[in-house]
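Observations on chain architecture
Listed below, chain by chain, are the residues.
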Amino acid sequence: MELRINELKKSYGKVEALKGITYTFKPGVYGLLGANGAGKSTMINLITDNLKRDKNGGTISYLDETIGNEAIDILKLGAKFRAKIGFMPQQQGFYEDFTPKSFLKYMASVKGIKNQKAYDKDGRLIKRSVDKQIDELLQIVNLEKVAYKRIGGFSGGMKQRVLLAQALLGDPQILILDEPTTGLDPKERINIRNYIAKLGKEKIILFATHVVSDIECIADKVLLLKNGEIIADGTPRDLIELMDGKVGEIQINLDELDDYQRRYKIGNVRQRKEGLVLRIVDDNLPDEVKRVDNNIDLEDVYLYYFE
Ligand SMILES: Nc1ncnc2c1ncn2[C@@H]1O[C@H](COP(=O)(O)OP(=O)(O)OP(=O)(O)O)[C@@H](O)[C@H]1O
Ligand SMILES: [Mg+2]
């Protein structure tokens, strides 16, 4: 299974939101990392066909054995492709009177999801009714206790979890999540991340976020998106290796901070027991800085490319 985007471009009037992106996705978890306005949602909305592609705006094609042995543009595949994707948009309103259960039932009927038949490893037939699938999903996103409560009364994080469950309906081969952890508390973030990591082996999962910690442990590949372009990509390890020799720390006084900020890319300023410690990520580290070699992480990569 492959999803290929080739020279994908999109403009909104004079704003060039995507400037010709080329990438091939295979099963695995892909972290789409970028600051506000980088073009993450634009890319996702094109892939999910929720946004009209520009004329000569490149191609998005899909290949798997159910379709044949050639990649076909998703616009030609239409409903056949849409049936393969689960999508969690960045923003979505709800009819407030839906309950999680009634909303998922409604979405299952919109998506044409039917009772499933499958065989277990001993060859026994297992039937999973739509109802049962919904109950399982509500359990996964930790909403089973409020399955029959009005969504109108939910917190932002609970609404996010309803949306995530909706994206998982029908066990889609491609899962596209646009900032899925917005509004979740730390415990729920970890739950959802772990769940996504488990799903990732056979599906193509795109996880757009501007929060490094959302994806640093679960992404097989990370794409850094800036001003409508992929400026770096690779496994988290590849990206971290690129930072060799570029990360350092120095102990400073508060009144020196401005000067450093003017001259270098500055990471977090941390209060440690020895005083203020400044993290610098830069091609040319100043001499007085102590080089960091061992605990470089994806946050440093983010800083290097985005600050
Ligand atoms: N409907 C629209 N009309 C005009 N400009 C738009 C529209 N949608 C997005 N843009 C612009 O396109 C660029 C990319 O926006 P996009 O929403 O794809 O970024 P993003 O990476 O998803 O950002 P965020 O982290 O804020 O969700 C931005 O400059 C944005 O202002
Ligand atoms: Mg967005």
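I will try to describe carefully the structure that is included in this document. Remember, it's a predicted structure, so these values are computed and weren't measured experimentally. (Residues numbered from 1 in each chain as written. Chains lettered and ligands numbered in written order. Predicted model: local features only at pLDDT ≥ 70, side-chain atom pairs only at ≥ 80, totals over all residues. Heavy atoms only, no water.)

Brief notes about the site of ligand 1
Applicable threshold: Residues are labelled near a given molecule or strand when at least one of their non-hydrogen atoms is within 4 Å of it. For the purposes of these results, a polar contact is taken to be a pair of N or O atoms within 3.5 Å, where, inside protein, one atom must be able to donate a hydrogen and its partner to accept one; residues adjacent in sequence count only when each atom of the pair is a side-chain atom. A 1.4 Å probe and the Shrake-Rupley method give the accessible areas. Residues count as covered only by the protein chains that appear here. Where helices and strands are cited, they refer to DSSP runs of H or I of at least four residues and of E of at least two residues respectively, numbered from the N terminus.
Lining the immediate surroundings of ligand 1 are 13 residues, of which Gly37, Lys40, Ser41, Thr42 and Gln90 lie closest. Contact distances for ligand 1 include 2.9 Å between an oxygen atom and a side-chain N or O atom of Gln90. A distance of 3.4 Å separates an oxygen atom of ligand 1 from a polar atom in the side chain of Glu179. Its free accessible area being 630 Å², ligand 1 has 61% of it covered by the protein chains. At the level of elements, strand S2 (15–25) and helix H1 (40–47) are the ones that each hand at least two residues to the shell around ligand 1.

Observations concerning the sheet that holds strand S3 (residues 28–33)
Applied cut-off: At least two bridges found by DSSP between two strands are what make those strands a pair. Axes, fitted as lines to C-alpha atoms, cover a helix only where it is in contact. Angles between the N-to-C directions of the axes lie from 0 to 180 degrees. Whether two residues are in contact is decided by their heavy atoms: any pair within 4.5 Å suffices.
Taken in spatial order, the six strands line up as S6-S9-S10-S3-S11-S12 in an open sheet, and their pairing is mixed. Across the chains shown, the open sheet's two edge strands, defined by having one partner strand only, are strand S6 (85–88) and strand S12 (229–234). Averaged over all neighbouring strand pairs, the angle between strand axes comes to 15°, with direction disregarded. Against the sheet, H1 makes contact with S3, S6, strand S9 (174–178), strand S10 (204–209) and strand S11 (221–226), and its axis sits at roughly 150° relative to S9, the strand it touches most. Where helix H6 (residues 156–168) meets the sheet, it contacts S6 and S9, and its direction lies at approximately 170° from that of S6.

Brief notes about the coordination of the magnesium ion (ligand 2)
Selection rule: Here a donor is any nitrogen, oxygen or sulfur atom (N, O, S) within 2.8 Å of the metal, with 3.2 Å used for Na, K and Ca; water is not among the atoms considered, so some sites may look incomplete. Buried means the residue's accessible area, taken with a 1.4 Å probe over protein chains only, is under 20% of the maximum for its type, while exposed means over 50%, and partly exposed covers the values in between.
Protein coordination at the magnesium ion (ligand 2) comes from Ser41 (OG) and Gln90 (OE1), with a distance range of 2.0 to 2.2 Å. Of this pair, Ser41 sits in helix H1 while Gln90 sits in the loop between S6 and helix H4 (100–110), and the two are 49 residues apart along the sequence. We classify Ser41 as partly exposed; its relative accessible area is 21%. Relative accessible area serves as the criterion here: at 36%, Gln90 is assigned to the partly exposed category.

Brief notes about the packing of H4 against H6
As a reminder of what qualifies: Working rule for angles: under 35 degrees goes down as roughly parallel, over 145 as roughly antiparallel, 65 to 115 as roughly perpendicular, anything else as oblique. It is the rotation of the near helix from the far one that decides the hand of a crossing: anticlockwise by less than a right angle makes it left-handed, clockwise makes it right-handed. Classification convention: Asp, Glu, Lys, Arg as charged; Ala, Val, Leu, Ile, Met, Phe, Trp, Tyr, Cys, Pro as nonpolar; all other residues, Gly among them, as polar.
Closest axis-to-axis distance for the H4/H6 pair is 10 Å, and the angle between their directions is 30°. Accordingly, the angle class assigned to the pair H4 and H6 is roughly parallel. Both H4 and H6 take part in a crossing whose hand is right-handed. Across the interface between the two elements, Pro100, Phe103, Leu104 and Met107 from H4 touch Val162, Ala165 and Gln166 from H6. Classifying every residue of the contact of H4 with H6 by side-chain character gives six nonpolar, one polar and no charged.

Some remarks on the sheet that holds strand S5 (residues 72–73)
Within a sheet, adjacent strands bond to each other through the backbone by hydrogen bonds, running parallel or antiparallel. Taken in spatial order, the four strands line up as S2-S1-S4-S5 in an open sheet, and their pairing is antiparallel. Two strands in the sheet have a free side with no partner beyond their single neighbour: S2 and S5. Across eight bridges, the pairing between strand S1 (residues 2–12) and S2 is antiparallel. Note that in S2 the partner of Ile5 across the bridge is Tyr23.

Observations concerning the packing of aromatic side chains
The geometry of two aromatic rings is summed up by the distance between their centres and the angle between their planes. Condition: For Phe, Tyr and Trp, rings pair up if their centres lie within 6.5 Å, where Trp contributes its six-membered ring, and each pair is then called stacked (planes under 30 degrees apart), edge-to-face (over 60) or tilted (otherwise). The criterion is that NZ of a Lys, or CZ of an Arg, lies within 6 Å of the ring centre and within 35 degrees of the ring normal, and then a charge sits over that ring.
All told, the structure shown has 10 aromatic pairs when counted by the stated rule. Plain terms: the ring middles of Tyr304 and Tyr305 are 5.0 Å apart, the flat faces sit at 90° to each other, and that makes the pair edge-to-face. Of the residues examined, Tyr304 reaches a relative accessible area of 13% and is grouped as buried. An aromatic cluster is present here, built from Tyr95, Phe98, Phe103 and Tyr106 joined pairwise through their rings. Seen from the ring of Tyr260, Arg263 lies directly overhead, with NZ or CZ sitting 5.5 Å from the centre. Sitting over the ring of Tyr304, Lys265 keeps its end group 4.6 Å from the ring centre.

Some thoughts on the pairing of S1
If a strand is regular, its side chains alternate between the two faces of the sheet. Here S1 pairs with strand S4 (residues 59–63) via five bridges, running antiparallel. Looking across to S4, one finds that Asn6 is bridged to Thr59. Here S1 hands over to S2 after two residues, with Gly13 in that stretch at a positive phi of 60°.

Some words on the side chain of Asp178
Just so we agree on the cut-off: In this tally Asp and Glu are treated as negative and Lys and Arg as positive; neither His nor the chain ends contributes. A pairing counts as a salt bridge when a side-chain nitrogen of Lys or Arg comes within 4 Å of a carboxyl oxygen of Asp or Glu.
In this fold, Asp178 is placed in strand S9. Put simply, Asp178 is tucked away with no salt bridge, and the nearest opposite charge, on Lys40, sits 6.5 Å away. Polar side-chain contacts of Asp178 include one of 2.6 Å to the side chain of Ser41.

Regarding helix H11 (residues 298–306)
Counting buried positions along H11 yields eight of nine residues, so the element is predominantly enclosed. If you check which residues of H11 are buried, you get Leu298, Asp300, Val301, Tyr302, Leu303, Tyr304, Tyr305 and Phe306. The opening residue of H11 is Asp297, an N-cap whose side-chain oxygen sits 3.0 Å from the backbone nitrogen of Glu299.

Focus: the pairing of S6
Taking every second residue as pointing to the same face, both faces of S6 are buried, with Ile85 and Phe87 on one and Gly86 and Met88 on the other. With four bridges connecting them, S6 and S9 associate as parallel partners. Note on S9: the bridge partner recorded for Gly86 is Leu175.

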